[in-house]
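These are the residues of each chain, in order.
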Amino acid sequence: MTFTMKQAGTMKQAGLALAMTGALSSVAFAAHAEEEVQKGGTAVIHMISEQRILNPGLRASTGVYNITGKIMEPLIDKSYEGYEPVLATEWSGSDDGLTITLKLREGVRWHDGVDFTCDDVAFSAMELWKKLLNYSSALQANLESVDCPDPHTAVFNYSKPMPLELFVAAMPDLGHPVPKHLFEGTDILKNEYNTAPVGTGPFKFVEYERGQYVMAEKNEDYWREGYPYLDRIVWRFIKDKSAAAAALEAGEVQESGFIGVSMADVERFSQDDRFEVGTMGYENNVAHSTVEFNHRNPILADRKVRQAMYHGLDIDYAIKTIMHGYAKPGRGPIPSAGGINYTDDVPIYDYDPELAKQMLDEAGYPVLEDGYRFHLRHRPAPWGEYTQLWAEYYAQAMKEIGIDVEILTNDAPGFLNGVYRDHDFDTANGWHQFRSDPAVSTMVWLRSGQPEGTPWTNQFGWKDEEMDAMIDAAASELDVEKRAAMYHEIQAREMEELPVIFAIEHPFISVTSKKLHNHHNTPRWNSSSWYDLWLEQ
Amino acid sequence: MTLADTEIAPPEPPRYVMFWRRYKRNRAALLGLFLFALVVLMALTAGIIDPGDPLRRAGEPLTPPFMNWDTPLGTDQLGRDVLSGVFYGARISLLIGVVATLVAIVIGVVIGALAGYFGGWVDDVLMRITEAFQTIPNFVLLLTLVAIMGSKIEWITIAIGIVSWTAPARMVRAEFMSLRHREFVDAARNLGVSNTSIIFREILPNAMPPIVVYASVIMALSILMESALAFLALGDPNYASWGNMIGQGRAVLRSAPYCAVIPGIAIILTVLSFSLLGEGLNDALNPRQKK
Amino acid sequence: MTLHMPPILTYALRRLVQAIPVVILIMIGTFLLLKLAPGDTVDALVGDMGGADAAFIARLRAEYGLDQPIWVQLWRYMVKLASFDFGWSFVYEQPVATVLMDRVGTTLMLMAASLSIAFTAGIVLGAIAARRAYSATDNLISILGLVFYATPSFFLSLMLMLVFSVKLGWLPVGGIKTIAAFYTGWDHVWDVVRHLIMPTTALSLIYLAFYLRLMRASVMEVADLDYVRTARAKGAREGRLMTHHIMRNALLPVVTLLGLQFSTVLGGSIVVETIFTLPGLGQLAYQSVVQRDMNTLMGIIFLCAIIVVVVNFLTDLLYARLDSRIELA
């Protein structure tokens, strides 16, 4: 009996080691590259949620890029070697940080045959990126104008210094030009091309059947000679994770990204030789599973209580059981995928329930007659499966150190409203999604003064003047090294003060049929253009 | 039981004996009774089987059944004991079934009785409201109610009751319409008995048998609705409920099927028991059906 | 054709007119209910897109008219609806009418297939069970019907999928057609049928028990009536008795149920549509609630109301044909 269990445990670990070893996967990719490329065929991709706006210039979300990244291209993309020129071929910044100059690729045509020029970039930057694109509108708040000295040069003028590093890091996600001739003079939000995109990418939009699929076909006029390999890509919307797993097994779908099947099925597929399972290709899309505190509650406003609660969470156990090993313990707001801006030199909180209990006693919260120290109302993000399990584990773990947690379940608008507008919660859990640079969407979790009703920002009633000053200073620092050092300090302070517990860092996971080749070969592969993807017939 | 009192039939055995004789004639109904007793027993003994919190970590996560006698039916993804979940889940299911049914029957009886007894514009208005409720798909209405108040078990139960009252209302109305002009009602009215009294003391008891039978249908549907909510991740995770167990077990359906299958069987048997019970009651309470 | 309307037609038309205030009541009720729910469609959209800044959120809300008082929003909606303008879906960025038209076909196919199978199987099995009441056959039929009814629909659906798609590979996992296969003509029809087999089976197995139980009870009751006894006493054969005397009357309550079930089945199909990723109205209704897509939900409810009214109207007529002696209130 014990033997079987042990054996199962070892097998599990072995499977994980295999899947987590990036090196091994790269060897596999290299091997594929040498095989004879087969042209043609239709790749079917699973999407768990339906994206209705198919315009990355209007909606910054991985779900949108997953489809439109093949149809519309950004100025700059990211590869494992660094930043890769796409529609922009060169970039440079002035010493004062006030202008950024881009050289644009020549001979590129939109799918309708019109030439791509600087006018498109200027229009997109001023009308969409600055005004309408979520996250980008904060980033480009100081953008004054975009000049076009010639059709293939774009000059971005800022009123305050814009670090070139930040600009370039943001471009893969927040730098998709739209065709000016189709958007100018229209109501941009209701423009018909928002749901029938026209881009410069390797695939042309064909049709979008609501609730079912989006289809794109090969762009014969693509600027990369000889690409793409595939004839067609279909994105199928399958909301239920068990149904998605069945579709993969039945061979109806070749890839499911962003953890589109349950974590238990991820593990099962990792032992199935028809599939490759891994976290490659998500280096740029990392998320934290969080525990968020409402500091308006006087108990939780006590730092010692928050620290004690962190000691009460067995993060390694949660990683093993809930995430099936595909995760690591969080080390503050910046994930280990954050490159130079990340440090692990921060205070950490080992699992120690006895210490947790002792600290809670010291903080003045002994166990009362009803068996609990205090009661908390917890709002879990309704993102399903492992987010739900994490909420239930949190409640379970808190009970063990004498804190009663009542879980209040709502649908998504109810959850977002309850936490980020009404502040009607004690604790909450959900995701913090890191977007390649801490300035894009991470610092708003810590900076005070965020307007009410803005999800995934500091709505926790936490205000720390020192932290605010540190964040502001880092935002306008142009020197890469100094900037990184400042973010290291921010991380350390966050881990000390614990306004939020960034408990588990998890990359996303893809399950891919071995019939697909050249996949997951860039750090934001699911969002990239797939011009070199091919299918074994 | 005014009607029964007036029709004196001395050679008949006592009512409950007659009732039982009619009931047990249906062997399927006996099976239903047995299963129902089993569920009640599980609900009553949950605290004895496992005195602890059914949601606590009881062992290594995803231990298969019959591997460890501390957790004989295995554990789920968070190490929660499946056996204890099934027993405590019986409490929640019965609670949801009984309370939701009571809510539905009370609303249905009041509206149906008023409409059927008074007729005229009262009937018109109440029936229009009933039709409005019947037109909105009840599960969509349930989802909307849960969206409003969140997924607390108390509210889920009441909301299930709120979406289930239209059928009993129509049945009560029909019974009242056929009974309101009977002699015993007219007699009571002539004696100056108040409307409330006539409705609740005279007519209602005679209108009850079909309602009692229909109650079993609502109980069965309530449990299924709770499990469907849990499937859509709108259950109340603060309680071990069978719906929640299957809802989460579905994620491990292929690698640890027992997590979903065991509570699934519990739901099937319980809903089956309510339905069979209903059949038996129907045979026993409906004297027109003889063999 | 004729000026003398048969009484059944007058009755049915009167019910049609009575339906108008009901529909208005439903629309206002639905609107207010969804407004009671916390959060609005902008919250849902921002949640979907992974966040946005405050100015963006405020602008979206103004764009959609969600910054107006509730009564203004309701009034604007009802005025538009009066001219059958269902408005714009902010979630789908399409007119609601288009969104609904895309889905209605799938739902009607699914429902028509499921209900007719459940209905036909239900009356046949119900009649058999009633004629052999309390026998082993009766118990077997009743219990089997009830077991399917007692199985949570998602459980049944997932089991079907595991067996017929994953293990046997006979049927497609989900969707309404094979994408990018570009079938035409009969190939297309066959393709759609193959996609509908499992969801239809799941739904009809679940609803089978309703018709079966009702038919069994109804046949038993009718079989006991005097005219049937008389016919039997006169030596009518059992088979003929069933088809000529009993069925006709026993079907009445079952047909009524069929009319009443449309909304129930639409609600019940939510789960089945979700698992088999069928682009139908049930799934759309669920999505509209959790995304606070007011206009789309209102459109679906309106459509339901119209369908229920029409089905009731047809049921009334059918009822009259089945029982010419029906007394009209």
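Check the entry above for the structure.
First, a word on scope: everything that follows refers to the structure included in this document. Only a predicted model underlies this, so the values are computations on that prediction, with no experimental measurement involved.

1. Focus: a nonpolar patch on the surface
Thinking step 1. A cluster of nonpolar residues, W121, V125, I129 and F133 of chain B together with L25 of chain C, forms a patch on the protein surface that exposes about 480 Å² of accessible area.
Thinking step 2. At four residues, helix α5 (residues 120–135) of chain B tops the list of elements feeding residues into the nonpolar patch.
Thinking step 3. Within the secondary structure, I129 of chain B is located in helix α5.
Thinking step 4. Assessed through its relative accessible area of 30%, I129 of chain B is described here as partly exposed.

2. Here's the deal with empty space enclosed by the protein
Residues and elements named next belong to chain B.
Thinking step 1. This structure, assessed with the given rule, holds 11 cavities of 30 Å³ or more.
Thinking step 2. Reported here for the second largest cavity is a volume of approximately 210 Å³.
Thinking step 3. Lining the second largest cavity are 18 residues, with D76, R80, N244, M245 and Q248 positioned closest to its centre.
Thinking step 4. Residue contributions to the lining of the second largest cavity peak at four residues, all from helix α11 (residues 242–249).
Thinking step 5. Per-class residue counts for the lining of the second largest cavity are eight nonpolar, six polar and four charged.

3. Structural notes on the side chain of T343 of chain A
All names here are of chain A.
Thinking step 1. Looking at where T343 falls in the secondary structure, it is placed in the loop between β14 (328–329) and α12 (353–362).
Thinking step 2. Engagement of the side chain of T343 in a polar contact is seen with the backbone nitrogen of D345, the distance being 3.0 Å.
Thinking step 3. Ignoring anything within four residues of it in the chain, the contact list for T343 reads R331, H488 and Q491.

4. Overview of the packing of helix α10 (residues 303–311) of chain A against helix α17 (residues 480–497) of chain A
All names here are of chain A.
Thinking step 1. Close contact between α10 and α17 brings their axes to 8 Å; oriented N to C, the two are set at 95 degrees. For the element pair α10 / α17, the angle class is roughly perpendicular. Facing R303, R306, Q307 and Y310 of α10, the residues of α17 in contact are M495, E496 and E497.
Thinking step 2. Tallied by class, residues from the contact of α10 with α17 come to two nonpolar, one polar and four charged.

5. Structural notes on the interface of chain A and chain B
Thinking step 1. Listed by partner, the interface residues are 31 residues for chain A and 30 residues for chain B.
Thinking step 2. Buried area between chain A and chain B, both sides added, is near 2,600 Å², and the carbon and sulfur share of it is 51%.
Thinking step 3. When the buried surface of chain A facing chain B is broken down by residue, Y317, Q396 and T409 of chain A rank first, second and third, together holding 21% of it.
Thinking step 4. Taking the shortest distance from any N to any O, the salt bridge between R80 of chain B and E392 of chain A comes out at 2.7 Å.
Thinking step 5. Our count for the contact surface shared by chain A and chain B stands at 12 residue pairs in polar contact (both at pLDDT 80 or more).
Thinking step 6. Partitioned by chemical class, the residues of the side of chain A that touches chain B number 11 nonpolar, eight polar and 12 charged.

6. Description of the interface of chain B and chain C
Thinking step 1. Between chain B and chain C, the residue contacts involve 50 residues of the former and 53 residues of the latter.
Thinking step 2. When chain B packs against chain C, close to 4,500 Å² is buried across both sides, 72% of that on carbon and sulfur atoms.
Thinking step 3. Where chain B meets chain C, there are one salt bridge.
Thinking step 4. Among the secondary structure elements, those contributing two or more residues to the side of chain B that touches chain C are α3 (27–49), α5, α6 (138–149), α10 (195–231) and α12 (258–285) of chain B.
Thinking step 5. By residue number, the principal contributor to the side of chain B that touches chain C is α12 of chain B, which donates 11 residues.
Thinking step 6. Looking at the side of chain B that touches chain C residue by residue, the class counts come to 29 nonpolar, nine polar and 12 charged.

Calculation criteria
Starting from 1, residues in each chain are numbered consecutively following that chain's sequence as written. The order in which chains are written sets their letters, starting at A; the order in which ligands are written sets their numbers, starting at 1. Given that this is a predicted model, residues contribute local features only at a pLDDT of at least 70 and side-chain atom pairs are listed and counted only at 80 or more, while totals for whole chains, interfaces and linings are drawn from all residues. The side-chain values count all of the structure's non-hydrogen atoms but skip hydrogen atoms and water molecules. The patches described consist of residues with a relative accessible area above 30% and no salt bridge, like charges being joined within 9 Å and nonpolar side chains (Val, Leu, Ile, Met, Phe, Trp, Tyr) within 5 Å. A 1.4 Å probe and the Shrake-Rupley method give the accessible areas. Residues count as covered only by the protein chains that appear here. Take a side-chain nitrogen of Lys or Arg and a carboxyl oxygen of Asp or Glu: if they are within 4 Å of each other, that pair is a salt bridge. Each helix is a run of DSSP H or I of at least 4 residues and each strand a run of E of at least 2, with the numbering of both proceeding from the N terminus. Type-normalised accessible area, obtained with a 1.4 Å probe on protein chains alone, sets the label of each residue: buried when under 20%, exposed when over 50%, and partly exposed for intermediate values. We place a 1 Å grid over just the protein atoms. Points where a 1.4 Å probe fits but has no way out form a cavity, open points with protein on both sides within 12 Å along at least 5 of 7 lines form a pocket, and any residue with an atom within 4 Å of a point lines it. Grid points are joined across faces, edges and corners, and a volume is the space filled by probe spheres set on the points. Three categories are distinguished: nonpolar for Ala, Val, Leu, Ile, Met, Phe, Trp, Tyr, Cys and Pro, charged for Asp, Glu, Lys and Arg, and polar for the others, with Gly belonging to the last. N or O atoms closer than or at 3.5 Å make up a polar contact, with two conditions inside protein: a donor-capable atom paired with an acceptor-capable one, and, for residues adjacent in sequence, both atoms drawn from side chains. Contacts were defined at the residue level, with two residues in contact if any of their heavy atoms lie within 4.5 Å. All axes here are fitted lines through C-alpha atoms, helices being fitted over the stretch that makes contact, and every angle between N-to-C directions spans 0 to 180 degrees. Under this scheme an angle from 65 to 115 degrees is roughly perpendicular, one under 35 degrees roughly parallel, and one over 145 degrees roughly antiparallel; angles in between are oblique. For any pair of parts, buried area is found by adding up, for both, the accessible area (1.4 Å probe) each one loses once the two are put together.

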